[in-house]
Structures are given as structure tokens and as C-alpha cells.
Amino acid sequence: MASLEDYTAGKVILIDKPLHWTSFQAVNKIRWAIKKRFGIKKIKVGHAGTLDPLATGLLVICSGKMTKQINTFQGQEKAYTGTITLGSTTPSYDLETEFDKTFDTSHITEDLIHNTTRKFTGSIEQYPPIFSALKKDGKRLYDIARAGESVELNPRTVEITTFEITEINGLNLKFKVVCSKGTYIRSLAQDFGKALNCGAHLSELRRTRIGSFSVEKAISPEAFLDQLS
């Protein structure tokens, strides 16, 4: 079992974030557990890359002096699996918000789907979702969006090494993506729907890897608490 000295000297804790949890909640849970276990009032704990509440999977959490490595971990390549659903869009590009448009999908074929993925590999430009934690003029974008205000966003260049449709089940497309820091999979789903001329949204997302860290080595927040007890 790790000691207090281990956590203050710095540890990397791999957490499999549950659905509906925010990354902030997961970090708070880990911090609270460490403080309670060792009877301390303060310890540095942070995460290397936010996951949306509707996403699950790998959250790299650092404690103590290892928090100095967070920027390094954030910059590493990431891998995801999930589901893109064709035929409808939402303002948040996922299921956080209600559907705003539906589209005809009668022209969609498996060949069209697979051929279109090729447009989204290599260096591409994408706009971040308005429902995101990015800041514009000191305000979080999701706060601006929920207030009904409009904002002009600038595109960013990201690198997508792999974008593969692994299963087609009606309008639900299971996928695998390997990409650079700063890539929004929700934006990829939205842009993919536009390219197919049928609209799309992200209906499921799981992060499986950050650099050399794999979700296969991650544990649930509850399992981490059990380890400490």
C-alpha cells in the first residue's frame, strides 16, 4: 500500500471515469480519499486532460510533485472508441443537449461512410464545440452557450492519426480514433455528419489511452477508495 510520502513525492493514478461524473468530481474524490486516509488538510491533485461528463474511460490523475508533469501528459497522443449516430444533430454535438435538426439518411451507404473517413485523417482544422470548457474573453464557452449568447470561434489545427469505423449498426457507427492534444471528438462527429450530408452527433465516447497510459490499467474511483482503506 502506498504511503503518504509516496503521494506527496508524486504518484500517477489511473482512473476509469464513470459515466456522468465530471473530471473535477473524480479529482475531488481522489483528493478527499487521500486526505481522509492520512489525516492531512492539503495535498496537490490534478488531472491530465478533461473528459466530458457523458464520456467514460481513462483519466490520468497526478498527486504531489507529479502534478508538475501534467502538461507533459496532456500533450501526448490520445485514443478513443465510441459511437457516432447519423441523421440528427444537437447544439453540444453530443447528448448533453436536445436534438435540434434531423436529416434524410437514405443516401448513406457503407462505402460512402468508409470513404468519408479518409477526409478526416492527417492534419485537419476543426472548431471547438460552443459547449466546452474553453475560455473566450475570460468566460467558459459553455456558460456563454447556456446564456444564449453568440460567440465567434477560431478553428484549430489537430492531427488525427487514425479514424476508423469499426462497426455499422443502422445509423450508429462505432469508431476508433487516435489523435493529438486538443482534438474534440464531438467536433469530429459533427463535421463527419456534415461531410456525409446527413448530420450526426456523438452518442458514446470512451478514452482508452493517453500516451503510454492505458485504460486497461485503470480502476474505478470506488476501487481506489477500497485500496486506501
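Quick look at the structure, then. Predicted model, so just to flag it, every value in this text is computed and none were measured.

Let's talk about the overall build of the protein
Reasoning step 1: Across its full length, the protein carries seven helices and 13 strands.
Reasoning step 2: Its C-alpha atoms give the protein a radius of gyration of 19 Å, near enough to 17 Å, the size a compact globule of 229 residues would have.
Reasoning step 3: Relative to its full complement of 229 residues, the protein shows a buried share of 43%.
Reasoning step 4: Relative to all contacts within the protein whose residues are 6 or more apart in sequence, the contacts with residues 24 or more apart total 70%.

Some points on the environment of Asn-71
Reasoning step 1: Within the secondary structure, Asn-71 is located in helix α3 (residues 70–74).
Reasoning step 2: Separated by 23 residues in the primary sequence, Asn-71 and Ala-48 place their C-alpha atoms 6.9 Å from one another.

Some points on the packing of aromatic side chains
Reasoning step 1: Summed over all chains, the structure comprises six aromatic pairs.
Reasoning step 2: With a centroid separation of 5.9 Å and an interplanar angle of 55 degrees, the aromatic rings of Tyr-7 and Phe-38 are classed as tilted. With Tyr-7 in helix α1 (residues 4–9) and Phe-38 in helix α2 (residues 23–38), the pair connects residues that are 31 residues apart, well separated along the chain.
Reasoning step 3: For Tyr-7, a relative accessible area of 4% corresponds to the buried category.
Reasoning step 4: Consider the rings of Tyr-7 and Phe-224, whose centres lie 6.3 Å apart with planes at 85 degrees: the pair is edge-to-face. Of the two residues, Tyr-7 is situated in helix α1 and Phe-224 in helix α7 (residues 221–228); the sequence distance between them amounts to 217 residues. Accessibility assignment for this pair places Tyr-7 and Phe-224 in one class, buried.

Overview of the nonpolar core
Reasoning step 1: The biggest cluster of nonpolar side chains holds 26 residues, and the ones touching the most others in it are Ile-84, Leu-86, Phe-163, Phe-175, Val-177, Ile-185 and Phe-192.
Reasoning step 2: No other element matches the five residues that helix α6 (residues 185–196) contributes to this core.
Reasoning step 3: Not counting residues within four places of it along the chain, the set of residues in contact with Phe-192 comprises Ile-84, Ile-113, Thr-116, Thr-117, Phe-120, Phe-163, Ile-165 and Leu-173.

Considering a positive patch on the surface
Reasoning step 1: A contiguous patch of positive charge on the surface is contributed by Lys-42, Lys-44, Lys-65 and Lys-68.
Reasoning step 2: Looking at the element boundaries, Lys-42 is found in the loop between α2 and β2 (45–47).

Quick word on the side chain of Thr-183
Reasoning step 1: Locating Thr-183 in the fold gives a position in the loop between β11 (172–179) and α6.
Reasoning step 2: A polar contact of 2.9 Å, which involves the side chain of Thr-183, links it to the backbone oxygen of Ser-180.
Reasoning step 3: Excluding its chain neighbours within four sequence positions, the residues that come into contact with Thr-183 are Gln-126, Val-158, Glu-159 and Ile-160.

Regarding the pairing of strand β10 (residues 156–169)
Both faces of the sheet carry side chains from a regular strand, because those side chains alternate between them.
Reasoning step 1: Relative to β10, strand β7 (residues 122–126) runs antiparallel, the two sharing five bridges. By the bridge assignment for β10, Ile-124 is matched with Val-158.
Reasoning step 2: Sheet topology note: the β10/β11 ladder contains eight bridges and is antiparallel. Counted as the bridge partner of Thr-162 is Val-178 from β11.

Section: the packing of helix α4 (residues 110–117) against α6
Reasoning step 1: Running from amino to carboxyl end, α4 crosses α6 at an angle of 125 degrees, the nearest separation of the two axes being 10 Å. Between α4 and α6, the angle falls in the class oblique. For the pair α4 and α6, the crossing hand works out as right-handed. Residue-level contacts link Leu-112, Ile-113, Thr-116 and Thr-117 of α4 to Phe-192, Ala-195 and Leu-196 of α6.

Quick word on the state of the cysteines
Reasoning step 1: Scanning all chains against the criterion turns up zero disulfides.
Reasoning step 2: As a non-bridged cysteine, Cys-62 has Cys-179 as the owner of its nearest cysteine sulfur, 19 Å distant.
Reasoning step 3: What makes Cys-179 buried here is its relative accessible area of 1%.

Comments concerning the pattern of salt bridges
Reasoning step 1: Here the structure, examined in full by the defined rule, presents five salt bridges.
Reasoning step 2: Between Lys-176 and Glu-164 there is a salt bridge; the shortest N-O distance is 3.7 Å. Note that Lys-176 is positioned in strand β11 and Glu-164 in strand β10, a separation of twelve residues in sequence.
Reasoning step 3: Of the residues examined, Glu-164 reaches a relative accessible area of 35% and is grouped as partly exposed.

Procedures and definitions
- Residues numbered from 1 in each chain as written.
- Predicted model: local features only at pLDDT ≥ 70, side-chain atom pairs only at ≥ 80, totals over all residues.
- Heavy atoms only, no water.
- Helix = DSSP H or I, 4+ residues; strand = E, 2+ residues; numbered from the N terminus.
- Rg over C-alpha atoms; globule rule 2.2 N^0.38 Å.
- Buried < 20%, exposed > 50% of the residue type's maximum accessible area, 1.4 Å probe, protein only.
- Contact = heavy atoms within 4.5 Å.
- Phe/Tyr/Trp six-rings, centres within 6.5 Å; stacked < 30°, edge-to-face > 60°.
- Core = buried A, V, L, I, M, F, W, Y, C linked by side-chain atoms within 4.5 Å.
- Patch = residues over 30% accessible without salt bridge, like charges linked within 9 Å, V, L, I, M, F, W, Y side chains within 5 Å.
- Areas by Shrake-Rupley, 256 points an atom, 1.4 Å probe, with all protein chains shown as cover.
- Salt bridge = Lys/Arg side-chain N within 4 Å of Asp/Glu carboxyl O.
- Lys, Arg positive; Asp, Glu negative; His and termini not counted.
- Charge placed at Lys NZ, Arg CZ, Asp CG, Glu CD.
- Polar contact = N/O pair within 3.5 Å; in protein donor to acceptor, adjacent residues only side chain to side chain.
- Pairing = 2+ DSSP bridges.
- Axes fitted to C-alpha atoms, helices over the stretch in contact; angles between N-to-C directions.
- Parallel < 35°, antiparallel > 145°, perpendicular 65-115°, else oblique.
- Left-handed = near helix turned anticlockwise from the far one by under 90°.
- Disulfide = S-S within 2.5 Å.

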